Amino acid sequence: MTSTRIRTLAAAAAVAALTAGLAACGPDESAGGKAKAAASAAPAAISRVPEAAQPPAAVTPAAFLQQVGDKSSAQKSAKAVEVIKTQTGQITSQGAMSWANGLTGSMTMQLPSAVAGKLGTSGAADVVYQADAMYVNMHLPQSMLSQMGGKHWFRYSYDDLAKVMGPAGDSLKDGLKNADPVATVRAAIASGKVTEVGKESLNGAQVTHYAADLTLAQMSGQGTSLTQDQIDAVRQQLKSQGITSAHYDVWVDGQGLLVKQETKSQSANGPIDVTVSYSDYGTQVTATPPPAEDTMDAAQLLAQAAKQLGQPGQTQPAAD
C-alpha cells in the first residue's frame, strides 16, 4: 500500500471522527453538577406538537436556549442527519447516537469525492462509535484489503486522535468522551446576544428559530446560568479548530427540544458549514463493535505511513 493511500486512509478516519465531533460534541457539564442529574433521567420518546415553544416574556432568548439545551441533553439519545461542508468537499451522515456514557452509536457516512477518489471507493463508510474508540469500514477495494490482512474495519482510539489531527485532536477526544448534541446551543448562549428570528415550519411542524453571532473576544454568557468552566470549554473547542467567530442558527420544537442546528464559521482551514437535524429523542441505540479478527488498529496504519515516509515518530495525514 502506498504512503499516499495510507495517509489518505488515516485522513478519512480523522474526517469520520471530526464529523462526530462537530455534530455531537459538547463541553463536559460535570463541573456544574448537571451531567449527573441528566444521567439519572430516563430516555423518553418525544412526539411533536403543532405549536412551537417560545420563551416566557420574562425569560431572555439566551436563558430559554439554556433550558432547551438541558432538556435535549437529558434525553440521552436521538436520530441525527448531518451535513458538513468544507473547502475539501461535503460529508453527509445519518444514524442514531447516544450520549448517556460518552458517545455511542452507528452512522452511515458519505465521504468527500476527493477522499473517495484517492481510496478508490464510492465514498460510503460505516462508523461505529464507542465510549473510547471509533471503528470505520470504508468498503475498500480488495487490493487494499489484502494489504491490510483482509481486515475490513480499523479502530481509532480517541487517545490516538492527536497523532492524526494535531492540537485539535485533544479537544476532539475530550468532546467525544463527554459528548452530547447541544454544543451549538451552548456556544450561542455564550455569546450573550441570542435573538429570536421567528416562527417557521420545519418538516410539517411549527418551530421557533433563534440566531446568534459569536466571537471569542465577546464570549460572556451574560444573562444565562453558564458557568465560567462551560464558557472556557466552548472557547477552547473553537480555538482548537482555529475558529475565532461563528454564526449559529437553532430551531426548537413545541416540546422545547432542539430539532435543527447550523453553524457557519471560519476556521484555520477555511469556512465550515455544519447542519444537524435531530428526531426521535430517546430512541434505542445499537453500537456493536466489529469482531477483533476483522479489525486493524489505526496506530498500525500510522506506523506504516511513518515508516514508508522515513519518519521515526508520528505523521500527519496528507492529501497529496
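Just above, that's the structure.
Being a predicted model, the structure only gives us computed values, none of them experimental.

J.: When you look at the pairing of strand β9 (residues 245-252) in this model, what are you seeing that I'm missing?
T.: Remember that side chains alternate between the two faces of the sheet whenever the strand is regular. In terms of burial, β9 is a largely internal element, six of the eight residues being buried. With eight bridges connecting them, strand β8 (residues 205-215) and β9 associate as antiparallel partners. Looking at the pairing, His-209 lines up with Trp-251 of β9. Relative to strand β10 (residues 258-267), β9 is paired through seven bridges, and the arrangement is antiparallel. Paired with Trp-251 across the two strands is Lys-260, which belongs to β10. In textbook terms, the turn of a hairpin is the stretch between consecutive antiparallel strands, and for β9 and β10 this stretch comprises five residues, one of which, Gly-256, has a positive phi near 75°.

J.: I tried to follow the packing of helix α3 (residues 61-74) against helix α8 (residues 183-191) on my own but got confused; where do I start?
T.: For any two helices packed against each other, the geometry is given by the interaxial angle and the distance between the axes. At a minimum axis distance of 9 Å, the contact between α3 and α8 shows a crossing angle of 160°. Looking at the two axes, α3 sits roughly antiparallel to α8. Our pair here, α3 against α8, has a crossing hand that is left-handed. Two secondary-structure elements touch here, α3 through Ala-62, Leu-65, Gln-66, Gly-69 and Ser-73 and α8 through Val-185, Arg-186 and Ile-189. Across the contact of α3 with α8, the residue classes break down as four nonpolar, three polar and one charged.

J.: Quick question: what am I supposed to make of the packing of aromatic side chains here?
T.: Describing an aromatic ring pair means giving the distance of the ring centres and the angle of the ring planes. Under the definition given, this model contains three aromatic pairs. We note Lys-260 situated over the ring of Trp-251; from NZ or CZ to the ring centre the distance is 4.7 Å.

J.: Would you mind showing me how to read the sheet that holds strand β5 (residues 133-137) here?
T.: The pairing of strands in a sheet happens through backbone hydrogen bonds and is either parallel or antiparallel. Spatial ordering of the open sheet is given by β7-β8-β9-β10-β11-β1-β2-β3-β4-β5-β6-β12, a layout of 12 strands whose pairing is mixed. Two strands bound the open sheet, and with one partner strand each, they are β7 (195-202) and β12 (295-297). Sheet twist, expressed as the average angle between the axes of neighbouring strands with direction ignored, equals 20°. Sheet topology places strand β1 (residues 77-86) next to strand β2 (residues 89-98); 10 bridges connect them, and they run antiparallel. Directly across from Lys-85, in β2, lies its bridge partner Gln-90. Each of β8, β9 and β10 touches α3; the most contacted strand, β9, lies at about 70° to it. Those strands touched by α8 are β8, β9 and β10, and its axis lies near 55° from that of β8.

J.: Mind showing me how you'd approach the side chain of Ser-77 here?
T.: With respect to the secondary-structure elements, Ser-77 resides in strand β1. By relative accessible area, Ser-77 is classed as buried at 4%. A distance of 2.8 Å separates the side chain of Ser-77 from the backbone oxygen of Thr-283, its partner in a polar contact. Ignoring any residue separated from it by four or fewer positions in sequence, one finds Ser-77 in contact with Met-97, Ser-98, Trp-99, Asp-280, Tyr-281, Gly-282, Thr-283 and Val-285.

J.: Even after reading the chapter, I still don't get the pattern of salt bridges, so can you show me in this structure?
T.: Opposite charge on two side chains allows them to pair when their charged atoms are near. Tallied over the entire structure, the rule returns three salt bridges. A salt bridge links Arg-155 to Asp-132; the shortest N-O distance between them is 3.6 Å. With Arg-155 in strand β6 (residues 153-157) and Asp-132 in the loop between β4 (124-129) and β5, this residue pair connects regions lying 23 residues apart in the sequence. One salt bridge connects Glu-196 with Lys-199, and the closest N-O pair in it is separated by 2.9 Å. Connected through salt bridges with shared partners, the residues Asp-132, Arg-155 and Asp-297 form a single ionic network.

J.: For this particular structure, what's the right way to read the environment of Lys-193?
T.: Relative to the helices and strands, Lys-193 is located in the loop between α8 and β7. C-alpha separation for the pair Lys-193 and Ala-211, spaced 18 residues apart in sequence, amounts to 8.7 Å.

J.: Looking at this structure, I do not really get α8. What am I missing?
T.: Counting buried positions along α8 yields nine of nine residues, so the element is predominantly enclosed. Taken residue by residue, α8 has Ala-183, Thr-184, Val-185, Arg-186, Ala-187, Ala-188, Ile-189, Ala-190 and Ser-191 as its buried positions. Immediately downstream of α8, the backbone of Gly-192 shows phi near 70°, a positive value.

J.: Mind showing me how you'd approach unusual backbone geometry here?
T.: The phi angle of most residues is negative, glycine excepted, and most peptide bonds adopt the trans form. For His-139, which is not glycine, the phi torsion reads 50° and is therefore positive. Inspection of the secondary structure assignment puts His-139 in the loop between β5 and α5 (142-147). Overall, His-139 belongs to the partly exposed group, its relative accessible area being 41%.

Criteria and thresholds
- Each chain has its residues counted from 1, running along the sequence as written.
- Owing to the predicted nature of the model, reporting of local features is limited to residues with pLDDT of at least 70; listing and counting of side-chain atom pairs is limited to 80 or more, with chain, interface and lining totals taken over all residues.
- Values shown for side chains rest on all heavy atoms present in the structure; no hydrogens or waters enter the calculation.
- Accessibility here uses a 1.4 Å probe with only protein chains present; expressed as a share of the type maximum, an area under 20% marks a residue as buried, one over 50% as exposed, and anything in between as partly exposed.
- Labels follow the DSSP assignment, with helices taken as runs of H or I lasting at least four residues and strands as runs of E lasting at least two, numbered in each case from the N terminus.
- Strands pair, by our definition, only if DSSP identifies at least two bridges between them.
- Here an angle of 0 to 180 degrees is reported between the N-to-C directions of two axes, which are lines fitted to C-alpha atoms, with helices fitted over the stretch in contact.
- Each angle gets one of four labels, with under 35 degrees taken as roughly parallel, over 145 as roughly antiparallel, 65 to 115 as roughly perpendicular, and the rest as oblique.
- In this scheme the handedness of a crossing depends on how the near helix is turned from the far one: anticlockwise by less than a right angle means left-handed, clockwise means right-handed.
- By definition, residues are in contact when any of their heavy atoms lie within 4.5 Å.
- Here the term charged refers only to Asp, Glu, Lys and Arg, the term nonpolar to Ala, Val, Leu, Ile, Met, Phe, Trp, Tyr, Cys and Pro, and the term polar to all other amino acids, Gly among them.
- Only Phe, Tyr and Trp rings are paired, with Trp represented by its six-membered ring, and only when their centres lie within 6.5 Å; those with planes under 30 degrees apart are stacked, over 60 edge-to-face, the remainder tilted.
- Here, a charge over a ring is recorded when the distance from Lys NZ or Arg CZ to the ring centre is within 6 Å and its angle to the ring normal is within 35 degrees.
- Counted as a polar contact is a pair of N or O atoms within 3.5 Å, where, for protein atoms, one must be capable of donating a hydrogen and the other of accepting one, and residues adjacent in sequence contribute only when both atoms are in side chains.
- Think of a salt bridge as a Lys or Arg side-chain nitrogen and an Asp or Glu carboxyl oxygen that are within 4 Å of each other.

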